[in-house]
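# Survey of secondary and tertiary structure
What follows is the residue order along each chain.
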Amino acid sequence: MAELLSSTTSLPCIGACFLPSASRKAVTRLALPLLANRRSSSHGLVAASLRPFSAVHPRFCQSAGRRSLSSSSGGAAGARCAASDPAQLKSVREDIRELLRTKFCHPILVRLGWHDSGTYDKNIDEWPQRGGANGSLRYDIELKHAANAGLVNALKLLQPIKEKYTGLSYADLFQLASATSVEEAGGPKIPMKYGRVDVTGPEQCPEEGKLPAAGPPSPAEHLREVFYRMGLNDKEIVALSGAHTLGRSRPERSGWGKPETKYTKDGPGAPGGQSWTVQWLKFDNSYFKDIKERKDEDLLVLPTDAVLFDDPAFKVYAEKYAEDQDAFFKDYAEAHAKLSNLGAKFDPPEGFSIDDEAKAAEPFKAAKYSSGKA
Ligand code: HEM
């Protein structure tokens, strides 16, 4: 499915995807120059077609989606192009808002962004071997990782938007969709930047097993092992876990949660699953209040949620966020922005914002709809 979805912008697997991971990494290193060459010839993209950055657009080069390879491989001296077009990204954001208004798919889009970036390993320097927000989650091989069960549905929702725009990387689309979903659900404005370059083939996907498990033997140790590998700290682990204020867990996907509860049996969206909060389309601090109280058996508490109030260092933040929504929003916005940048290669290297400075300074206003339930 994803191979099909991505066939217009990606190269076919060159065989490395069937190799064990160690060999796959070695082949990937060897394959990168080959891929660059292949792309140059198969798409007719030659150095001469890449005009200097300033001659095209202050930020964007017309052959978007293809030129990133050329600029990073040094194929076109002087050419420097953004991975996505800032003007188009603003329009993409409007399309995402419309999608949210009709499908109420905020939670799964947040999960999509997190699972693309959460594979990052700070101990690996090379891109894309280090994982992270690079659009690799569009490929079947990664979508089939157990932790990503169900995320093909998020990709299907976004694919028509991807196809509508010429200047949009998957990596930016996933992160823009996630941040917009949090904001539209009533959460904080996230200080995002864009310009993420996409990986170009499934052989560049990370190995399975990079994302956290929900029921490990020692949840606190496990969370620290996984999130520290990403370069995130205790405060960020707790704040980011607060994203479970949105959405549901489905036994047929992750194996966790009830098939349905009084809060999920009528949808919106496909009914069923078990939510962490009563209003699971509203982004607020109720996740922390609810897991602290644990009074309602229709609400989910995973072992990795429960440990936020059991571990002494996590507890300091969990208690604070249960009491003080503003503190949660502030820390969440910072941590989400950091998560969205993990492992990403930006073009231009500093990335760019799509928020007008005046607007970005405006105080946060909750969305008109924060719950799908009337
Ligand atoms: C701390 C470690 C984490 C674990 C163990 C974990 C585990 C899970 C599990 C088991 C599900 C249910 C998936 C399903 O059955 O469809 C889920 C859903 C979800 N997760 Fe996490 N998660 C973690 C962290 C995060 C983070 C950091 C974010 C975002 C910043 C996040 C956002 C979400 C959202 C929004 C959903 C709901 C998806 C939907 O309703 O379709 N999670 N998570």
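Everything numeric in this text was worked out from a predicted model, so none of it was measured.

### Observations concerning the site of the ligand
Taken together, 23 residues surround the ligand, and among them Pro 107, Ala 243, Gly 247, Ser 249 and Ser 254 come closest. Looking at the shell around the ligand element by element, the count peaks at five residues for helix α6 (residues 106-117). Of the residues that constitute the shell around the ligand, the class distribution is twelve nonpolar, seven polar and four charged.

### Observations regarding the environment of Ile 190
Note that Ile 190 resides in the loop between α9 (170-184) and α10 (219-229). Residue Ile 190 is classed as buried on the basis of its 21 C-beta neighbours within 10 Å. The spatial distance from the C-alpha of Ile 190 to the C-alpha of Glu 334 is 7.0 Å, given a sequence separation of 144 residues.

### What about the nonpolar core?
Core analysis: the largest hydrophobic core is formed by 72 residues, its most contacted members being Leu 112, Leu 173, Leu 176, Ala 177, Val 238 and Ala 318. Among the elements that line this core, the one with the most residues is α9, at eight residues.

### Topic: helix α14 (residues 312-323)
Compared with an ideal rise of 1.5 Å per residue, which puts twelve residues at 16 Å, α14 spans 17 Å between its outermost C-alpha atoms and is within 8% of the ideal. Among the residues of α14, those classed as buried are Phe 314, Tyr 317, Ala 318, Tyr 321 and Ala 322. Along α14, the residues classed as buried sweep out an arc of 135° about the axis, all on the same side. At its buried positions, α14 is contacted by α10, α11 (234-241), α12 (286-293), α13 (303-310) and α15 (325-341).

### Some details on the environment of Val 301
Looking at the element boundaries, Val 301 is found in the loop between α12 and α13. Exposure remark for Val 301: the 20 C-beta atoms within 10 Å place this residue in the buried category. Spatially, the C-alpha atom of Val 301 lies 9.7 Å from that of Trp 256, the residues being 45 residues apart in sequence. Not counting chain neighbours up to four residues away, the residues in contact with Val 301 comprise Ile 291, Arg 294 and Ala 306.

Definitions and limits used
- Residues numbered from 1 in each chain as written.
- Predicted model: local features only at pLDDT ≥ 70, side-chain atom pairs only at ≥ 80, totals over all residues.
- Near = placed C-beta within 6 Å.
- Helix = DSSP H or I, 4+ residues; strand = E, 2+ residues; numbered from the N terminus.
- Nonpolar A, V, L, I, M, F, W, Y, C, P; charged D, E, K, R; others polar.
- Buried ≥ 20, exposed ≤ 12 C-beta atoms within 10 Å, placed from the backbone.
- Core = buried A, V, L, I, M, F, W, Y, C linked by C-beta atoms within 7 Å.
- Expected span 1.5 Å × (residues − 1).
- Arc of directions from axis to C-beta.
- Contact = placed C-beta atoms within 7 Å.

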